[in-house]
Amino acid sequence: MKVPSSLTPLSFLAVTLLVWELAVRFLNVPAYLLPSPTAIIATVDSELFLHLAVTSGEALAGFFIASACAFLAALAFVRSPLLERGVFPLAIAIKTTPLVAIAPLLVLWMGTGWWSKITAAGLICFFPVLVNTIKGLKAADSKYFKLFSSFGASQRQAFRKLRIPFCLPYFFSALKISSSLAIVGAIVGEFVGATHGLGYVIMVSSSHLDTDILFSAIFAAAALGILLFQFIGWLEQRVIFWQTAETE
Amino acid sequence: MSAMSKPLSGAECEASSPQSAGPRQAAITASDLCIGYGDLSVIDNVSFRIDQREFVSLLGPSGCGKSTLLRAIAGLLTPTSGSLQLQNSANEVTDSKPRVGLMFQKPLLLPWRTTLENVLLPVEIELGGNRVSSIDEARAREVLSLVQLSSFEDAYPKQLSGGMQQRVALARALMSDPDLLLLDEPFGALDELTREMLNEELLEIWRSADTRLKTIVMVTHSIPEAVALSDRVFVFAARPAKLAEVVPVELEHPRDLESQAFAKSVSYVRRLIRSFS
């Protein structure tokens, strides 16, 4: 009998939760250090979903805006090496500055509302997409371009029919990386100043030693990340049916 | 092997073409051709003439500029000096450039396109944004049957073997119904058996009346391959490339690769190349 591939990790998860539950019960671990899984599940309410929705919205908005901007920037960079030389160091500067260091500034500028979190998520997503897309746009073998010019193809046709499709695997693997980062960005933004969101829940519950609520927020963030990653992976398989690239 | 005499490409081939009578027209004429990249001279003062309906191999050590010459013929490179002229097979049609089909060592198929879509690529590019007509599609199917891939129209490149991928590349090169086919080590990456089979098929396509294809110029590293296929072998000496010798191969098609005459020709060319290096 064939076992579905998702069954193996799920059964491991179930065993882990079971061991956790039993360990907490029989070893009398204090609830403020490690609550049992059932206690954590008991804290899940509509309010948690509201916070999850807020964080999802911020992360997704930052992710989409940054990915689109990074893709367009990559197109511009590949067309103009001058622009690449001039602006690329700036992109690296954004990448190397820790987001945690910038986040308070973002909140100071944009307030505790949506935009500071969307910007934080966007800043952290931008670089991987930019770098991988540039790499992807240069990925087609130069022989392909010779072939295209022997067909009398214009630059534009070579771009559309060669560069873009060859770039797609790189673009998608960048999306997978940045989708997880977007959630990090949104939560870091919420740490600094927010009234909603999983980051806010994490801050408040940890200061009140509501460890069960803290855990439920952590799991909600993890679930969101996994879901987003899986969705992009699913989309990738449909769009780039011919291959998947190995990139970072 | 006597040099100088006019090579023939085989009796059947003569019979299959209605316009074969009389002296042959030139397909490619190069005089005092020099090609270089910057200060580096790759082709130095080369002159030759390749006739219509001729199969010529360019043979020589690596880096001798054979591929560069082929690219120049394909119009992908501009000569530094000298002249390089291509003529159409139907000379009376004024200022219509000869159609050129090009094929590389790698198949260079687009992995997101099926066999049929890959073969239609040059047509699509020529049409710009317009849709490919059913006539073009019928033509693509015809070309695919020429390379015996009719049952693989909807397969993607990764589903095909190396030899089959190279057939698709050949079909794509034939799609524009070229007067002139330029091959850059076309089967060099394939195993010996597949290579011999594809060489035979290439000869058949060349000799058949189904295509306009009249002239083939092939870059190769393989002496037996050059002797098996060509009417004449252009032997190049190393950089800067000089056309050291032109060897006519006067063996009737189909050539028997086991025959003494074939072996003699191969060893003649081999000794010739050794004497230049």
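All of these numbers come straight from a predicted model, not from anything done at the bench.

Our next topic: the nonpolar core. Residues F48(B) and L69(B) are the most contacted members of the largest nonpolar core, which totals 83 residues. Among the elements that line this core, the one with the most residues is helix α8 (residues 155-192) of chain A, at 13 residues. Of the residues that make up this core, three or more belong to each of domain 1 (27-99 + 178-194 + 209-277) and domain 2 (109-176) of chain B. Beyond its immediate stretch of four places on either side in the chain, F48(B) contacts I28(B), T29(B), A30(B), L69(B), I73(B), F234(B) and L243(B). Of all hydrophobic cores here, the second largest spans 36 residues; its members include F55(B), L120(B), V132(B) and A140(B).

On to helix α5 (residues 99-110) of chain A. Residue and element names in this part refer to chain A. Between the first and last C-alpha of α5 there are 15 Å, a value that for 12 residues agrees with the 16 Å anticipated at 1.5 Å per step. Looking at the packing, one finds that the buried side of α5 touches α6 (114-137) and α8. Residue G111 follows α5 closely and has a positive phi angle near 85°.

Counting residues at the interface gives 18 residues for chain A, matched by 19 residues for chain B. Of all residues in chain A, F151(A), K161(A) and W242(A) bury the most surface against chain B, accounting for 31% of the area lost on that side. For the pair chain A and chain B, the number of links is 2 salt bridges. A salt bridge links E124(B) to K161(A); its shortest N-O distance comes to 2.9 Å. For the interface between chain A and chain B, the tally reads 6 residue pairs in polar contact (both at pLDDT 80 or more). Counting only elements with at least two residues in the side of chain A that touches chain B, the list comes to α7 (142-150) and α8 of chain A. The element that contributes the greatest number of residues to the side of chain A that touches chain B is α7(A), accounting for 7 residues.

As enumerated under the stated definition, the model contains 16 salt bridges over all chains in all. A salt bridge links E54(B) to R232(B), with the nearest nitrogen and oxygen atoms 2.4 Å apart. Here R232(B) lies in strand β8 (residues 232-237) and E54(B) lies in the loop between β2 (40-51) and β3 (55-59), a separation of 178 residues in the sequence. According to the relative accessible area criterion, E54(B) is buried, its value standing at 2%. Counted as one network, the salt bridges with shared partners bring together K161(A), R113(B) and E124(B).

As a further point, take unusual backbone geometry. For the peptide bond that leads from H253(B) to P254(B), omega is -10°, which places it in the cis range. Within the secondary structure, P254(B) sits in the loop between β9 (242-248) and α8 (260-276). Its identity as a non-glycine residue notwithstanding, N28(A) has a phi of 55°, on the positive side. Along the chain, N28(A) falls in the loop between α1 (7-26) and α2 (37-42). Overall, N28(A) belongs to the exposed group, its relative accessible area being 64%. Of note in this structure, R53(B) is not a glycine but carries a positive phi near 65°. Along the chain, R53(B) falls in the loop between β2 and β3. With a relative accessible area of 11%, R53(B) lands in the buried category.

All right, on to the packing of aromatic side chains then. Residues and elements named next belong to chain A. Taken as a whole, this structure holds 17 aromatic pairs over all chains when the rule is applied. Residues F63 and F64 carry aromatic rings whose centres are separated by 5.4 Å and whose planes lie at 55° to one another, so their mutual orientation is tilted. Residue classification places F64 among the exposed positions, given a relative accessible area of 55%. Centre to centre, the rings of F88 and F127 are 6.2 Å apart; their planes meet at 40°, and the pair counts as tilted.

Residue and element names in this part refer to chain B. Partitioning chain B into structural domains gives domain 1 (27-99 + 178-194 + 209-277) and domain 2 (109-176). On a C-alpha basis, the centroid separation for the pair domain 1 and domain 2 is 26 Å. Each partner contributes to the interface: domain 1 provides 10 residues, whereas domain 2 provides 8 residues. Buried surface at the junction of domain 1 and domain 2, both sides included, amounts to about 760 Å², of which 71% is carbon and sulfur. When the buried area of domain 1 at its contact with domain 2 is split by residue, P178, L181 and L190 rank highest and sum to 43% of it. Across the contact surface, domain 1 and domain 2 share 0 salt bridges. Taken together, the links from domain 1 to domain 2 amount to 2 residue pairs in polar contact (both at pLDDT 80 or more). When grouped by side-chain class, the residues that make up the side of domain 1 that touches domain 2 number 6 nonpolar, 2 polar and 2 charged.

Attention now moves to the side chain of T68(B). Turning to its location among the elements, T68(B) is positioned in helix α2 (residues 66-73). The contacts of T68(B), once residues within four sequence positions are left out, are I35(B), Y37(B), V42(B), I43(B) and L77(B).

Residues and elements named next belong to chain B. At their nearest, the axes of helix α5 (residues 162-175) and helix α6 (residues 192-207) sit 11 Å apart, and the two run at 20° to each other. Of the possible angle classes, the one that applies to α5 and α6 is roughly parallel. In this structure, α5 crosses over α6, and the sense of that crossing is right-handed. Mapping the contact onto sequence places G163, Q166, R167, L170 and L174 in α5 and T194, M197, L198, E201, L202 and I205 in α6.

Our next topic: the pairing of strand β7 (residues 215-220) of chain B. All names here are of chain B. Here β7 lies mainly inside the structure; 6 of its 6 residues are buried. The alternating pattern of β7 places T215, V217 and V219 and I216, M218 and T220 on opposite faces, both of which are buried. As judged from the 5 bridges shared by strand β6 (residues 180-184) and β7, these two strands associate in the parallel manner. Across the sheet, the residue bridging to L181 is I216, located in β7.

Rules behind the numbers
- Residues numbered from 1 in each chain as written.
- Chains lettered and ligands numbered in written order.
- Predicted model: local features only at pLDDT ≥ 70, side-chain atom pairs only at ≥ 80, totals over all residues.
- Heavy atoms only, no water.
- Core = buried A, V, L, I, M, F, W, Y, C linked by side-chain atoms within 4.5 Å.
- Buried < 20%, exposed > 50% of the residue type's maximum accessible area, 1.4 Å probe, protein only.
- Helix = DSSP H or I, 4+ residues; strand = E, 2+ residues; numbered from the N terminus.
- Domains from an automatic or database assignment.
- Contact = heavy atoms within 4.5 Å.
- Expected span 1.5 Å × (residues − 1).
- Buried area = accessible area lost by both parts, 1.4 Å probe.
- Salt bridge = Lys/Arg side-chain N within 4 Å of Asp/Glu carboxyl O.
- Polar contact = N/O pair within 3.5 Å; in protein donor to acceptor, adjacent residues only side chain to side chain.
- Phe/Tyr/Trp six-rings, centres within 6.5 Å; stacked < 30°, edge-to-face > 60°.
- Nonpolar A, V, L, I, M, F, W, Y, C, P; charged D, E, K, R; others polar.
- Axes fitted to C-alpha atoms, helices over the stretch in contact; angles between N-to-C directions.
- Parallel < 35°, antiparallel > 145°, perpendicular 65-115°, else oblique.
- Left-handed = near helix turned anticlockwise from the far one by under 90°.
- Pairing = 2+ DSSP bridges.

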